[in-house]
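Listed here are the chains, written in short residue letters.
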Amino acid sequence: MKTRGNGALKTMENEFSVLNRMIPALYEAAISPELWKDQLDWLTPILGSQNIVLLRIENIRPEISDYSFHANSWITPEMVGEYLRLGLNHNDGSAYFHQLDLYEFSIGDEMRHRNGDMSPSRFYPWLEEATGCNRAAGMCLLKEPSGYDILTTHYRDDGPFVPSEAADMLRIVGPHLTKVLEMNRPVNLLRHRYGGFLDVLDRLRIGVGIVTAGSELVIANDEFNRIVSTGDSLVLGAGASLSARDDHDDRLLRDAVLKLSRKDGLMTTSESLRLNSRINENSAYLLDLSPLRESRGTFGGQFSGVLITVVDPFWYTDLNVGLMRQHYKLTATEIEIFDAVLRGLSNRDIAEHLGKGPETVKSQLASVFRKTGTNDRLELVRLAVQLIIPLNDDMDTKQPRINRGI
């Protein structure tokens, strides 16, 4: 067996030190699976190999496997497609890696032969032609009744890769790989099930995000990300932690997320929050929060979080209030009052803008509340947004003017 000389011990110690320093970076891929490529590019030369592939063999929910094939940048999507199309996943021994002890390497066709398959390899000729590697080693990172996660690495037998030493390194980083893959699974399934839905909501100017019980943002549509990027009310911190800029609002948001994500809170259906805008003190971001809990093991018993929808108050002035006038029989004067509320004007501002007395504005606004069945400005705006869906015209490049407040 190939080993490194004593003079290489110092190098190995340095590599172990690098592993320990870089382990925290692995967890960035927990909520952003697209980062796996960068992390595996970093790990590959440390192992002395050329490629690393992580694969989930799923026994119960095959749709998760579709989103659980990660590799370094040498492995292209075309290679993956050809590998599966040729059925090489049934000829490379990976189907037997769950028989191994965790983090124990199997070299070449060892596991395939051990299970009685002595047929000529179709995988290795393809591997050398596709990648230039002529050897592979694999190990099991996690095995459970629902499936197992494996790691496969490709190398040349005349290269620097030493299986025993690579296994020593992976015993350090392996448990962290396992944990991140476990954390990935609900993220993958959420993206699989809700990705298209979130894209549709971008056209409706409705921001939608899913957060964990700890307020970590798992997935969001473009409109939600745009609202957060303004930094007006919602902000995204380290570890994709979602919070409100105002301390009081932040406590309300975190308490609501924690309450709704509790599995024993079955009677709680949803909550609504008003987060104040810093730009216009009379405007507010309207958040609706609903529990997102697993049903019959949908998320593998691992996920409990909250679905958040939010509408940017600076879109309100783009709403067509004609439907409100027709449905609730509002007078022309009441529509003027209603439109001013959407613009974030206070009663005093409305009075000055319309040339009315403050008491007259107060009386007319009370009439709007009575006709629409709402109790305050927040409920009135929420009703308008629900009734008059704010569409985003693809041909309209106009962006919300966040300095619109009067």
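Please read all numbers here as calculations on a predicted model, not as lab measurements. (Residues numbered from 1 in each chain as written. Predicted model: local features only at pLDDT ≥ 70, side-chain atom pairs only at ≥ 80, totals over all residues. Heavy atoms only, no water.)

### Some points on the overall build of the protein chain
Part 1 of the reasoning: When helices and strands are tallied, the protein chain shows 15 helices and twelve strands.
Part 2 of the reasoning: In the protein chain, buried positions account for 51% of the 406 residues.
Part 3 of the reasoning: Of the contacts made within the protein chain by residues no fewer than 6 positions apart, 62% connect residues no fewer than 24 positions apart.
Part 4 of the reasoning: A total accessible area of about 19400 Å² is found for the protein chain, and carbon and sulfur atoms account for 52% of it. (Helix = DSSP H or I, 4+ residues; strand = E, 2+ residues; numbered from the N terminus. Buried < 20%, exposed > 50% of the residue type's maximum accessible area, 1.4 Å probe, protein only. Contact = heavy atoms within 4.5 Å. Areas by Shrake-Rupley, 256 points an atom, 1.4 Å probe, with all protein chains shown as cover.)

### Examining the packing of aromatic side chains
Part 1 of the reasoning: The full count for this structure, using the stated rule, is six aromatic pairs.
Part 2 of the reasoning: Taken together, a centroid distance of 6.0 Å and an interplanar angle of 40° make the contact between Tyr 83 and Trp 126 tilted. Taken together, the positions of Tyr 83 in helix H5 (residues 77-85) and Trp 126 in helix H7 (residues 123-131) put the pair 43 residues apart, joining distant regions of the chain. The same class applies to Tyr 83 as to Trp 126, namely buried.
Part 3 of the reasoning: Ring centres 5.1 Å apart and planes at 70° place the aromatic pair Phe 123 and Tyr 124 in the edge-to-face group. You'll find Phe 123 and Tyr 124 in the same group, each marked buried.
Part 4 of the reasoning: Cluster of aromatic residues (ring-pair linked, three or more members): Tyr 83, Phe 123, Tyr 124 and Trp 126. (Phe/Tyr/Trp six-rings, centres within 6.5 Å; stacked < 30°, edge-to-face > 60°.)

### A short note on helix H12 (residues 332-342)
Part 1 of the reasoning: Looking only at H12, the buried set comprises Glu 334, Ile 335, Ile 337, Phe 338, Ala 340, Val 341 and Leu 342.
Part 2 of the reasoning: Gly 344 occupies a position one or two residues after H12 and carries a positive phi of about 85°.

### Some thoughts on H7
Part 1 of the reasoning: Those residues of H7 that fall on the buried side of the exposure criterion are Phe 123, Tyr 124, Trp 126, Leu 127 and Thr 131. What you see down the axis of H7 is that its buried residues fit within an arc of 160°, all on one side. Facing away from the buried side of H7 by over 90 degrees, the exposed positions are Pro 125 and Glu 129.
Part 2 of the reasoning: Of the surrounding elements, those touching the buried residues of H7 are strand S1 (51-58), H5, strand S4 (135-144) and strand S5 (147-155).
Part 3 of the reasoning: Count one or two residues on from H7 and you reach Gly 132, which has phi positive near 85°. (Arc of directions from axis to C-beta.)

### Examining the environment of Tyr 155
Part 1 of the reasoning: Position of Tyr 155 among the secondary structure elements: in strand S5.
Part 2 of the reasoning: Using a relative accessible area of 5% as the deciding quantity, one classes Tyr 155 as buried.
Part 3 of the reasoning: The spacing of Tyr 155 and Cys 133 is 22 residues in sequence and 5.0 Å in space, taken between C-alpha atoms.
Part 4 of the reasoning: The contacts of Tyr 155, once residues within four sequence positions are left out, are Ser 49, Ile 107, Cys 133, Asn 134, Arg 135, Ala 136, Ala 137, Phe 161 and Pro 163.

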